[in-house]
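Descriptive analysis of the structure
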Amino acid sequence: MNAVSRQIGAVGFYGDSIHISSASKGGWSPFGLERRVTRSVGNVLFELDGKPALELYKTYLGDRVQGLPATALLFPLAVRNEKAHGPELVRTILAVDESAQSLIFAGDIPQGSVVQLMHCSLDRLIAGAADAAQHLDIVGSGPGAIHCITCVGRRLVLGERSEEELEAVLESLSPETHQIGFYSYGELSPAAAGQCHLHNQTMTLTLIEED
């Protein structure tokens, strides 16, 4: 089959014996005060608690301010929409706008939502990948296929330790499990169960098994 543009390929599974489960975890830890989004448009955040978002964000970065926007990969935001009662989502900063004192994210930041800065160690990121595997609904001990989608932002942060999060996923699964996957610029998955959401900087897993 030849590659073509503006088309999407799909694979369907059916049958009484097929079992599919998914999980998505990051390994990030919140710190600092929670802040209310008082002005945003789509994925652009202008104000937190009525203050310029970029100015406030910089107060937490210290010497890493000079490395923006690259160093923002180390300090994503946790976003919680209180009105929708949804899960806490991770949002990665893609760029900063000094003139508008705004932050541009890889996903929407709803006005009125509550956000909190996050950070991590490399060990916690790897532990987050292992945690995702432990939240899968595993039905057997035989061979299966695990599809791993991990954010390219995690790849940049982990560097030479990137393979460790893939190995951590396999530790909770059968030795006969086949692992495939790719790096992404956003992950689509339920946080645990229910509605699907866009995530940033997570390890998102889909396990396919036969009963």
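Whatever comes next refers back to the structure up there.
So, here is what we can say about the structure in this document. For clarity, every value in this text was computed on a predicted model and none was experimentally measured. In this numbering scheme, every chain counts its residues from 1 along its sequence in written order. Only residues with pLDDT of 70 or above have their local features reported here, since the model is predicted, and side-chain atom pairs are shown and tallied only from 80 upward, although totals for entire chains, interfaces and linings are computed over all residues. As a rule here, side-chain values come from all non-hydrogen atoms in the structure, and water together with hydrogens is ignored.

**Things to note about helix α2 (residues 122-134)**
Every α-helical turn comprises 3.6 residues, leaving residues that sit three or four positions apart pointing alike. Going along the chain from the N terminus, every DSSP run of H or I of four or more residues is numbered as a helix, and every run of E of two or more is numbered as a strand. Multiplying one less than the number of residues by 1.5 Å gives the expected span of a helix. The terminal C-alpha atoms of α2, which comprises 13 residues, lie 19 Å apart, in line with the 18 Å expected from a rise of 1.5 Å per residue. Remark: exposure states derive from per-residue accessible area (1.4 Å probe, protein chains only) relative to the maximum for the residue type, with buried under 20%, exposed over 50%, and partly exposed in between. For α2, the full list of buried residues reads Leu 125, Ile 126, Gly 128, Ala 129, Ala 130, Ala 132 and Ala 133. The criterion used for residue contact is that any of the two residues' heavy atoms lie within 4.5 Å. Here the buried face of α2 lies against β1 (18-25), α3 (152-158), α4 (162-170) and β15 (203-210).

**Description of the pairing of strand β9 (residues 102-105)**
Note on pairing: DSSP must find at least two bridges between two strands before they are called paired. Bridging between strand β4 (residues 44-48) and β9 involves two bridges; their strand directions are antiparallel. Bridging across to β9, Leu 45 finds its partner in Leu 103. The sheet contact formed by strand β8 (residues 93-97) and β9 spans four bridges and is antiparallel. Looking at β9, one finds that Asp 97 is bridged to Ser 102. Linking β8 to β9, which pair antiparallel, is a turn of four residues; within it Gln 101 sits at a positive phi near 55°.

**Overview of the environment of Asp 16**
When you line up the elements, Asp 16 lands in the segment before β1. The class for Asp 16 is exposed, based on a relative accessible area of 82%. Between the alpha carbons of Asp 16 and Arg 35 there is a distance of 47 Å; along the sequence they are 19 residues apart.

**Focus: the packing of α2 against α4**
For any two helices packed against each other, the geometry comes down to the angle between their axes and how far apart the axes lie. The interhelical angle for the contact between α2 and α4, taken along N-to-C directions, is 30°, at an axis separation of 8 Å. On the basis of the axis angle, α2 is roughly parallel to α4. In terms of crossing hand, the pair formed by α2 and α4 is right-handed. Taken together, the residues of α4 that come into contact with α2 (itself represented by Leu 125, Ile 126, Ala 129, Ala 130 and Ala 133) are Glu 164, Glu 165, Ala 168 and Val 169. Residues are grouped as follows: nonpolar covers Ala, Val, Leu, Ile, Met, Phe, Trp, Tyr, Cys and Pro; charged covers Asp, Glu, Lys and Arg; every other residue, Gly included, is treated as polar. Considering only residue class, the contact of α2 with α4 consists of seven nonpolar, no polar and two charged. Angles run from 0 to 180 degrees between N-to-C directions of axes, and those axes are lines fitted to C-alpha atoms, restricted for helices to the stretch in contact. Should an angle fall under 35 degrees it is called roughly parallel, over 145 degrees roughly antiparallel, and 65 to 115 degrees roughly perpendicular, with every other angle called oblique. Crossing handedness is read from the near helix: turned anticlockwise from the far helix by less than a right angle, it gives a left-handed crossing, and turned clockwise, a right-handed one.

**Focus: the pairing of strand β11 (residues 145-151)**
By the criterion of burial, β11 is predominantly enclosed, with five of the seven residues buried. Here seven bridges tie β11 to strand β12 (residues 178-184), and the two strands are oriented parallel to one another. Opposite Cys 151, over in β12, you have Ser 184 as the bridge partner. Sheet topology places β11 next to β15; six bridges connect them, and they run antiparallel. Bridge pairing links Ala 145 to Ile 208 in β15.

**Examining the packing of aromatic side chains**
For any two aromatic rings, the description comes down to two numbers: the centre-to-centre distance and the angle of the planes. Note on aromatic pairs: the rings of Phe, Tyr and Trp (six-membered ring only in Trp) are paired at centre separations within 6.5 Å, and the planes decide the class, stacked below 30 degrees, edge-to-face beyond 60, tilted for the rest. Counted according to the given criterion, the structure contains two aromatic pairs. Ring centres of Phe 31 and Tyr 60 lie 5.9 Å apart, and the angle between their planes is 80°; on these two criteria the pair is classed as edge-to-face. In this pair, Phe 31 sits in the loop between β2 (29-30) and β3 (35-41) while Tyr 60 sits in the loop between α1 (53-58) and β6 (77-80), placing the two residues 29 residues apart along the sequence. Aromatic pair Phe 31 and Phe 75: ring centres 6.4 Å apart, planes at 65°, arrangement edge-to-face. You can see Phe 31 sitting in the loop between β2 and β3 and its partner Phe 75 sitting in the loop between α1 and β6, a full 44 residues away along the chain. The class for Phe 31 is partly exposed, based on a relative accessible area of 23%.

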